[in-house]
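# Structural overview
For reference, the chains in residue letters:
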Amino acid sequence: MRRLTAALCGAVLSLVLSTSAWALTVDPNPLEFQVGHQTKGSVDFNISGTTLEMTVNVVKGRVSKTRVSVDGRTPLSAGWVDGPGVNIRRIKIRSNGRVDFYFKTSFFHNHIHAGNSSDLHYVTYDTLAAGDVITFTGFRNNIFGSFGSVQATIVPEPSAAIMVGLGLVGLVIAGRRRA
């Protein structure tokens, strides 16, 4: 009975550790999106702790704004890291948990042109867990909308799944040696 209890406790502990924020990734990554018929691109995601980082790459057309939300999660903060890409002009955190990022190429151009990428921008949450769904919406025009929406899922990293498997095998071997 002790072996079964130890194995169950070990299995639960390994599953909890594998779904914690340090062992998460986004699937699919990069996430491809299409805004109407004229705009196409992708967004690259990275999860660092409880921060969802992203970079928007436009292949065709232009994107003036994006909206990001994680179901059931309230953002604590949002921001960007200056880099060689398109600047973030403004960030708006809405009461429903959605975060809007507005882009600026120059004084007259408030969007990302085809062939360009945004600076790295991020949203920090109190927690992120495997199974959370990220909704990414791209807007071609700030005023008229013309948007497309796609979703990705937060999943455990493959290395975390391997560690869970190895941990369970170790528990079984340790349980057999005691018998």
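Residues numbered from 1 in each chain as written. Predicted model: local features only at pLDDT ≥ 70, side-chain atom pairs only at ≥ 80, totals over all residues. Heavy atoms only, no water.

Right, let's talk about the pattern of salt bridges for a bit. Summed over the entire model, instances satisfying the criterion amount to three salt bridges. Arg73 serves as the salt-bridge partner of Asp132, at 2.9 Å between the closest nitrogen and oxygen. Residue Asp132 is found in the loop between strand 11 (120-125) and strand 12 (133-141), and its partner Arg73 is found in the loop between strand 6 (65-70) and strand 7 (75-81); the two are separated by 59 residues along the sequence. Among the ionic contacts, a cluster of salt bridges with common partners joins Arg67, Arg94 and Asp100. (Salt bridge = Lys/Arg side-chain N within 4 Å of Asp/Glu carboxyl O. Helix = DSSP H or I, 4+ residues; strand = E, 2+ residues; numbered from the N terminus.)

What follows is about the confidence of the model for the protein chain. Of all residues in the protein chain, 76% have pLDDT values of 70 or greater, and the mean over the chain is 84. When the elements of the protein chain are averaged for pLDDT, helix 1 (residues 2-18) gives the smallest value, 57, and strand 11 the largest, 97. (pLDDT = per-residue confidence, 0-100.)

All right, on to unusual backbone geometry then. Residues Asp27 and Pro28 are joined by a peptide bond in cis, for which omega reads 0°. Tracing the sequence through the fold places Pro28 in the loop between strand 1 (24-27) and strand 2 (31-35).

For the rest of this paragraph, the subject is the sheet that holds strand 2. What the five strands build is an open sheet, ordered 2-3-4-11-7; its pairing is antiparallel. Of all strands in the sheet, those bounded by a partner on one side alone are strand 2 and strand 7. Between one strand and the next, the sheet's axes are offset by a mean angle of 25°, whatever the strand orientation. Where strand 3 (residues 39-48) meets strand 4 (residues 51-60), nine bridges bridge the pair, whose relative direction is antiparallel. When the bridges of strand 4 are listed, Gly41 appears paired with Val58. (Pairing = 2+ DSSP bridges. Axes fitted to C-alpha atoms, helices over the stretch in contact; angles between N-to-C directions.)

Glancing now at the packing of aromatic side chains. Scanning all chains against the criterion turns up two aromatic pairs. Judged by centre distance (5.2 Å) and plane angle (50°), the rings of Phe33 and Phe136 are tilted. With Phe33 in strand 2 and Phe136 in strand 12, this residue pair connects regions lying 103 residues apart in the sequence. You'll find Phe33 and Phe136 in the same group, each marked buried. Directly above the aromatic system of Phe139 lies the positively charged group of Lys65, at a separation of 4.3 Å from the ring centroid. Lying over the aromatic face of Tyr102, Arg90 brings its terminal NZ or CZ to 4.1 Å of the ring centre. (Phe/Tyr/Trp six-rings, centres within 6.5 Å; stacked < 30°, edge-to-face > 60°. Buried < 20%, exposed > 50% of the residue type's maximum accessible area, 1.4 Å probe, protein only. Lys NZ or Arg CZ within 6 Å of the ring centre and 35° of its normal.)

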